[in-house]
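Listed here are the chains, written in short residue letters.
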Amino acid sequence: FSITIRSSIADRPSTLSANAPPADLPLRKIPGDYGFPLLGSIKDRFAYFYTEGCDAFFRSRIRRYNSTVFRVNMPPGPPISADPRVIALLDAVSFPILFDTSAVEKRDLFTGTFMPSTDLTGGYRVLSYLDPSEPLHAPLKKLLFFLLSHRRRSLIPEFRRAFGSLFSSLESDLSKQGKVDFGPGNDRACFDFLSRALLGRDPADSPLGSDAPGIITKWVLFQIGPLLTIGLPRFIEDATLHSFRLPPALIRADYDRLADFFRESAGPVLDEANRLGISREEAVHNLVFSICFNSFGGMKILFPNIVKWLGRAGGRLHSRLAAEVRAAVRSNAGQIGMRVIEEEMPLVKSVVYEALRIEPPVSMQYGKAKRDLLIRSHDAAFEVKTGEVLFGYQPFATKDPRVFDRAEEFVGDRFVGEEGERLLRHVVWSNGPETEGPTVENKQCAGKDFVVLVARLLVIELFLRYDSFEIEVGSSALGSSVKLTSLKRASF
Ligand code: HEM
Ligand code: 243
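Worth saying up front: this structure is predicted, and the values here are computed from it rather than measured. Starting from 1, residues in each chain are numbered consecutively following that chain's sequence as written. Here the convention is simple: chains get letters from A, ligands get numbers from 1, in the order in which they are written. Thresholds applied to this predicted model are a pLDDT of at least 70 for local features of residues and 80 or more for the giving and counting of side-chain atom pairs; totals over whole chains, interfaces and linings are not thresholded and use all residues. The side-chain values count all of the structure's non-hydrogen atoms but skip hydrogen atoms and water molecules.

**Focus on the site of ligand 1**
Working definition: residue near molecule or strand if any one of its non-hydrogen atoms lies within 4 Å of it. Ligand 1 sits among 25 residues. The nearest are Lys106, His137, Lys141, Lys443 and Cys445. Taking Lys141, its side chain carries an N or O atom lying 2.8 Å from an oxygen atom of ligand 1. Within 3.5 Å is the distance limit for a polar contact, defined as a pair of N or O atoms, with the added protein rule that one can donate a hydrogen and the other accept it, and that residues adjacent in sequence qualify only through two side-chain atoms. With respect to ligand 1, the backbone of Asn442 contributes an N or O atom lying 3.2 Å from an oxygen atom. Here a helix means four or more residues in a row that DSSP labels H or I, a strand means two or more in a row labelled E, and each is numbered from the N terminus. Listing elements by their share of the shell around ligand 1, those giving two or more residues are helix H4 (137–149), helix H11 (280–313) and helix H17 (448–465). The class makeup of the residues in the shell around ligand 1 is 12 nonpolar, 10 polar and 3 charged. In this classification, Asp, Glu, Lys and Arg are treated as charged, Ala, Val, Leu, Ile, Met, Phe, Trp, Tyr, Cys and Pro as nonpolar, and every other residue, Gly included, as polar.

Structural data, given as structure tokens:
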């Protein structure tokens, strides 16, 4: 099996609109059952969070049913979600049906089988919860494209300022204490960067001061707590966090401080919203969500992941990255620019894609069948009825051994060269292939290019400053907890 042959297996469409079974695959009834209504859901949830854990939960069922497509309940279940029943898609062939907005409806499925209270978002259903068929989806997505591009010349300088200062303070804490947690400083740098780059406003000069990262983390917990484990004793945690919503009133005052900041700092973006026919208030709450949940939340997971995978990869990859980054920057008179990154840093680009492949920062996507569908895995075809909910656990699609060689390994240069680039369409962290882009008609991440850019900038900053570094990894409710234990200053 060469890589090319493996990919061609996944080239076939994952859905056929005709109801006739495909000639090359057996038609199979979707295995698995949901058990008794409340009991089945609690049983699956407890296995998912505690007795098996997420990965083993899916792996053991793939083995039990001898199928990468099966029925199962997903957390949180009742009373938070009215209906926890889904059809799990756990391979690279079946997963992409979730990107096809002609086949699935994405309304109110952003966080899964439940939707957080709109009291947490100013009373609005924000863009992430809208299906492309809804009238405000297109104008709101256009507004975010504007947000991300209207100050594009400030992105690189503001990134270097915020993360330069992060690394200076990490170095000084490391030299005093022997190790330093990457997380808290990263959170601060992320919000400072987002605010200064996208709004031109320094949070330090506003009533928010340095409170935003703490407030946002709490506000995110109010929204997706039912999906997380935060380290309480398991029976207590399951009977509280996974069974009842935290009352939005408890975070209202904090949320209002965030909203005030955006109301007062986002003038030009709010003017653009008016031009697009969006009310100022609806735009304010959408900006809070896209900058604090989508952008800050995403970077809070992704950046420690990148440091973790690079840290584990070790010194040889570090030297190659340092050599590439420094040569490219020198060839460009010491400047970092979009062109140099795009054309002269193939290894930087590849390690970022590889981090997004091996650990997609947001691992779960949902969609509701708009019509009867025929879904295929590598091995079989399955009938799905209108209204059934499809659920994809993305790591099993992007680590599918029938698409990727050494699928469980971090291979830094996997995406370098022509052969490597052909695999990019199987990298789908953004809710779509890396070879495609967000549009007002699809549900692909509005921040796709922005995320890839800032991730590359993080790697560039690291290897301009350091020859190598070492880490210690722990667990955390959102993403990984990473501590730096050494930073070796650049010697060439
Ligand atoms: C949608 C991931 C950063 C804005 C999504 C989805 C994923 C995702 C998986 C699809 C959710 C679904 O419908 O099932 C990420 C990750 C990020 C990130 C991992 C960072 C590491 C951003 C940024 C923005 C953004 C910086 C800034 C504007 C959005 C929006 C949607 C979305 C608006 C909904 C798109 C639509 O309704 O058409 N993101 N995202 N995201 N993301 Fe991101
Ligand atoms: O299990 C996980 O993947 C942990 C994160 C749960 C995220 C809930 C669902 C959100 C869906 C899409 C998110 C898009 C990003 O823009 C931002 C994610 C930030 C989460 C705090």
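Moving on, there is more to tell.
**Focus: the sheet that holds strand E3 (residues 85–89)**
Each strand in a sheet pairs with another by means of backbone hydrogen bonds, the pair being arranged parallel or else antiparallel. Should DSSP find at least two bridges between two strands, the strands are taken to pair. Taking strand neighbours across the sheet as the criterion, the 5 strands line up as E2-E3-E9-E6-E4 in an open arrangement whose pairing is mixed. Of all the strands in the sheet, the pair left with one neighbour each is strand E2 (69–73) and strand E4 (104–105). Across the sheet, helix H3 (residues 54–65) touches E2, strand E6 (364–369) and strand E9 (389–393), and the angle it forms with E2 is around 130°. It only takes one pair of heavy atoms within 4.5 Å for two residues to be counted as in contact. Axis definition: a line fit to C-alpha positions, over the contact stretch in the case of helices; interaxial angles, taken between N-to-C directions, run 0 to 180 degrees.

**Considerations on the coordination of the iron atom of ligand 1**
Ideal coordination angles are 109.5 degrees for a metal with four donors arranged tetrahedrally and 90 or 180 degrees for a metal with six donors arranged octahedrally. One donor from the polypeptide reaches the iron atom of ligand 1: Cys445 (SG), at 2.3 Å. Position of Cys445 relative to the elements: it lies in the loop between helix H16 (417–421) and H17. Here a donor is an N, O or S atom found within 2.8 Å of the metal, or within 3.2 Å if the metal is Na, K or Ca; sites may look incomplete because water is not among the atoms.

**Considerations on the nonpolar core**
In terms of nonpolar packing, the biggest core is built from 115 residues, with Phe163, Phe193, Trp219, Phe303 and Leu310 touching the most fellow members. Residues contacting Phe163, with those up to four places away along its chain left out, are Asn186, Ala189, Cys190, Phe193, Phe303, Leu458 and Glu461. Among the nonpolar cores identified, the runner-up in size contains 22 residues, and Phe58, Ile62, Leu109 and Met364 belong to it. Only buried residues count toward a nonpolar core. Its members are Ala, Val, Leu, Ile, Met, Phe, Trp, Tyr and Cys residues joined through side-chain atoms within 4.5 Å. Residue exposure (1.4 Å probe, protein chains only): buried if accessible area is under 20% of the type maximum, exposed if over 50%, otherwise partly exposed.

**Points about H3**
By this rule, a helix spans an expected 1.5 Å times one less than how many residues it contains. The end-to-end C-alpha distance of H3 is 17 Å, a good match for the 16 Å that 12 residues give at a rise of 1.5 Å each. Buried within H3 are the following residues: Phe57, Phe58, Ser60, Arg61, Ile62 and Tyr65. If you follow the buried residues of H3, they end up packed against helix H2 (37–51), E2, E9 and helix H15 (394–398). Backbone geometry just after H3 places Asn66 at a positive phi near 50°.

**What to know about the site of ligand 2**
Neighbouring ligand 2 are the residues Phe110, Val220, Ile224, Phe293, Asn294, Gly297, Gly298, Ile301, Pro361, Val362, Ser363 and Leu478. Ser363 places a main-chain nitrogen or oxygen 3.0 Å from an oxygen atom of ligand 2. Summarising the interface, the protein chains cover 84% of the accessible area of ligand 2, which totals 540 Å² for the free molecule. Only helix H7 (212–224) and H11 provide two or more residues apiece to the shell around ligand 2. Examining the composition of the shell around ligand 2, we find that 5 residues originate from one element, H11, more than from any other. Each accessible area value is a Shrake-Rupley result obtained with a 1.4 Å probe; residue values ignore everything except the protein chains displayed when judging cover.

**Digging into the confidence of the model for the chain**
Per-residue confidence for the chain gives a mean pLDDT of 95; residues scoring 70 or more make up 96%. Taken as a whole, residues 1–19 scores under 50 in pLDDT and shows 44 contacts with residues more than four places along the chain or in a different chain. Taken over the whole predicted complex, pTM reads 0.96, whereas the ipTM for its chain interfaces reads 0.99. Across the chain, each position has a pLDDT score giving the predictor's confidence in that residue, from 0 to 100.

**Remarks on the sheet that holds strand E10 (residues 466–475)**
One open sheet holds the 3 strands; their spatial order is E5-E11-E10, and the pairing between them is antiparallel. The sheet is open, and its two borders are formed by strand E5 (180–181) and E10, each paired with just one other strand. Both E10 and strand E11 (residues 480–489) contribute to a ladder of 9 bridges, which runs antiparallel. By the bridge assignment, Ile471 is partnered in E11 with Leu484. Where H17 meets the sheet, it contacts E10 and E11, and its direction lies at approximately 125° from that of E10.

**Thoughts on the pairing of E6**
Within E6, 5 of the 6 residues are buried, which leaves it mostly tucked inside the rest of the structure. Sheet analysis places E4 next to E6, joined by 2 bridges and oriented antiparallel. Bridging across to E6, Glu105 finds its partner in Lys368. When E6 meets E9, the two strands line up antiparallel, connected through 5 bridges. Bridge pairing in E9 places Gly367 opposite Leu390.

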